[in-house]
Amino acid sequence: MMQRRKFLQMGSLGAGGFLFSKNLKANFKNNAVTKPLVITTWNTGIDANVEAWKVLSTGGRALDAVEKGVMVTESSINCCVGLGANPDRDGIVTLDASIMDEHGNAGAVAAIERIKHPISVARKVMENTPHVLLVGAGAQEFALSQGFQLEPQKLSPDAEAEYKKWLKTSKYQPVINIEKGKNETKGQTAFAPMKLSNGDWNHDTIGMLAIDVNGNLSGSCTTSGMGFKVRGRVGDSPLIGAGLYVDNEIGAAVSTGLGEEVIKSAGTFLIVEFMRQGYSPEAACKAAVERIVKRTGVAKAHTYQVAFIALNKKGETGAFCVQKGFNYAVYSNEINNLLFDSKYLYTDGVS
Ligand code: ASP
């Protein structure tokens, strides 16, 4: 146990994660000044980045890129973001999403049901209302007024299987969110990724940050939140300054992991403020992780995952997380959609 809990100092790009060309990856420095660029949480970011890149590489706006990008994940039936995701403990899928543009405008929805693209509803909240956040039935009503369709309330086969498994014990306890390893969701409330019927693993949140050719920043975040959560529970993802923050003068950050800890630390706002003080994106993410760990105490920090990615105004990127197992995808002219392993503090979740 002590060994697994060893504090780890990683190399400049973290350990492993070489999915594509090693040379390309070697050429990429986290401090490369490059735009346009998109950076996205988890391996699901690879597919989402492809769509975002279509917008960015043709001179489009970062805002359009971060919306179109995460819509790919929301509509994937093989994914835990969107309507195919794990339900709450009453068996209902409820979704949270937020979006921010280069003007500091923000929109979000929380606990919305039966809507395929919460991120697009969040954008409509931002653009078509004087508000930032709509929740529950009101958010759904607003979506319908904006032309969104009501989808059937039916669990995906993977979610149904996970839910039935969870019902056997109904144990309400978050587990560390890592890609693979010992923490399969054995009847626990799951921050851990869902194991899909095709054997893949998938995550319940996607966060995306982009800088466009004009140097403007935007960000998006969309999630089903915590699997088998208490009905009405809302995480960090739709909360501006917690799950997502963009300041076009400085940079942007987005989070994944145990939302309650991110909320209590105003995690992404904190990262942008660290970058304002001159921290690199990675150093800012690390400082925010350390702030969270300090607040929760080290013992508790060995039981949860929080992970951040950040992008600054120069196009520099970075990430940091509590537990080994978090990765993120980057796409730019120099980086052809590569997956990187994040640096981390602990290795508890890894077998
Ligand atoms: N941050 C999300 C939440 O707490 C969950 C996740 O990222 O896995 O709702």
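Residues numbered from 1 in each chain as written. Predicted model: local features only at pLDDT ≥ 70, side-chain atom pairs only at ≥ 80, totals over all residues. Heavy atoms only, no water.

> Quick question: what am I supposed to make of the site of the ligand here?
Taken together, 13 residues lie near the ligand, and Asp204, Thr205, Asp236, Thr256 and Gly257 sit nearest. Between the ligand and arginine 233, the relevant distance is 2.8 Å, taken from an oxygen atom to a side-chain nitrogen or oxygen of the residue. Taking threonine 256, its side chain carries an N or O atom lying 2.6 Å from an oxygen atom of the ligand. Classifying every residue of the shell around the ligand by side-chain character gives two nonpolar, eight polar and three charged. (Near = heavy atom within 4 Å. Polar contact = N/O pair within 3.5 Å; in protein donor to acceptor, adjacent residues only side chain to side chain. Nonpolar A, V, L, I, M, F, W, Y, C, P; charged D, E, K, R; others polar.)

> What exactly am I supposed to notice about helix α2 (residues 45-56) here?
Every α-helix winds through 3.6 residues per turn, so residues three or four apart in the chain are directed the same way. Taken together, the buried positions of α2 are Gly45, Ile46, Ala48, Asn49, Ala52, Trp53, Val55 and Leu56. Here the buried residues of α2 occupy an arc of 155° about the axis, which is enough to place them on one side. In this structure, the buried side of α2 is in contact with β1 (37-41), α3 (62-75), β7 (205-211), β13 (327-332) and β14 (338-341). (Buried < 20%, exposed > 50% of the residue type's maximum accessible area, 1.4 Å probe, protein only. Helix = DSSP H or I, 4+ residues; strand = E, 2+ residues; numbered from the N terminus. Arc of directions from axis to C-beta. Contact = heavy atoms within 4.5 Å.)

> Help me understand the packing of aromatic side chains in this model?
To describe a pair of aromatic rings, one takes the distance between the centres and the angle between the planes. The tally for this structure, following the rule as stated, stands at nine aromatic pairs. On the numbers, 5.0 Å between centres and 90° between planes, the contact of tryptophan 42 with phenylalanine 326 is edge-to-face. Of this pair, tryptophan 42 sits in the loop between β1 and α2 while phenylalanine 326 sits in the loop between β12 (317-323) and β13, and the two are 284 residues apart along the sequence. Judged by relative accessible area, phenylalanine 326 falls into the buried class, the value being 1%. (Phe/Tyr/Trp six-rings, centres within 6.5 Å; stacked < 30°, edge-to-face > 60°.)

> Can you help me understand the nonpolar core in this one?
Where a protein is soluble and globular, its nonpolar side chains tend to be buried together. Counting residues in each nonpolar core, the largest one holds 52 residues, and the members touching the most others are Ile271 and Phe308. The leading source of residues in this core is helix α9 (residues 281-296), at seven residues. Excluding anything up to four places from it in sequence, isoleucine 271 contacts Ala253, Ala284, Cys285, Ala288, Phe308 and Ala310. Core analysis: the second largest hydrophobic core is formed by 38 residues, Trp53, Val70, Ile112 and Phe148 among them. (Core = buried A, V, L, I, M, F, W, Y, C linked by side-chain atoms within 4.5 Å.)

> How do you make sense of the environment of glutamate 67 when you look at a structure like this?
With respect to the helices and strands, the residue glutamate 67 is situated in helix α3. For glutamate 67, a relative accessible area of 9% translates into the label buried. In sequence terms glutamate 67 and isoleucine 119 are 52 residues apart; their C-alpha atoms lie 6.4 Å from each other. Aside from chain neighbours lying at most four places away, what touches glutamate 67 is Ile99, Ile119, Ser120 and Arg123. Only 2.7 Å separates the side chain of glutamate 67 from the side chain of serine 120, close enough to count as a polar contact.

> Looking at this structure, I do not really get the sheet that holds strand β10 (residues 251-257). What am I missing?
Pairing between the strands of a sheet comes from backbone hydrogen bonds, and it takes one of two forms, parallel or antiparallel. Read across the open sheet, the five strands follow the order β9-β10-β11-β12-β15; overall the sheet is mixed. Edge strands, defined here as strands with exactly one partner in the open sheet, are β9 (244-247) and β15 (344-346). Adjacent strand axes in the sheet meet at a mean angle of 10°, parallel and antiparallel pairs treated alike. Here helix α8 (residues 267-276) sits on the sheet and contacts β9, β10 and β11 (306-312); the angle it forms with β10, its principal contact strand, is near 145°. Docked against the sheet, α9 engages β11, β12 and β15, running at close to 25° with respect to β12. (Pairing = 2+ DSSP bridges. Axes fitted to C-alpha atoms, helices over the stretch in contact; angles between N-to-C directions.)

> Where do I start with the side chain of threonine 256 in this structure?
With respect to the secondary-structure elements, threonine 256 resides in strand β10. Here threonine 256 falls in the buried class, since its relative accessible area comes to 1%. In this structure the side chain of threonine 256 is engaged in a polar contact, spanning 3.2 Å, whose partner is the side chain of tryptophan 42.

> When you look at helix α6 (residues 157-169) in this model, what are you seeing that I'm missing?
Where α6 is concerned, the buried positions are Asp158, Ala159, Glu162, Tyr163 and Trp166. One face of α6 carries all of its buried residues, which in axial projection span an arc of 125°. Of the exposed residues in α6, those oriented more than 90 degrees away from the buried face are Pro157, Lys164 and Lys168. Of the residues trailing α6, serine 170 is marked for its positive phi of about 50°.

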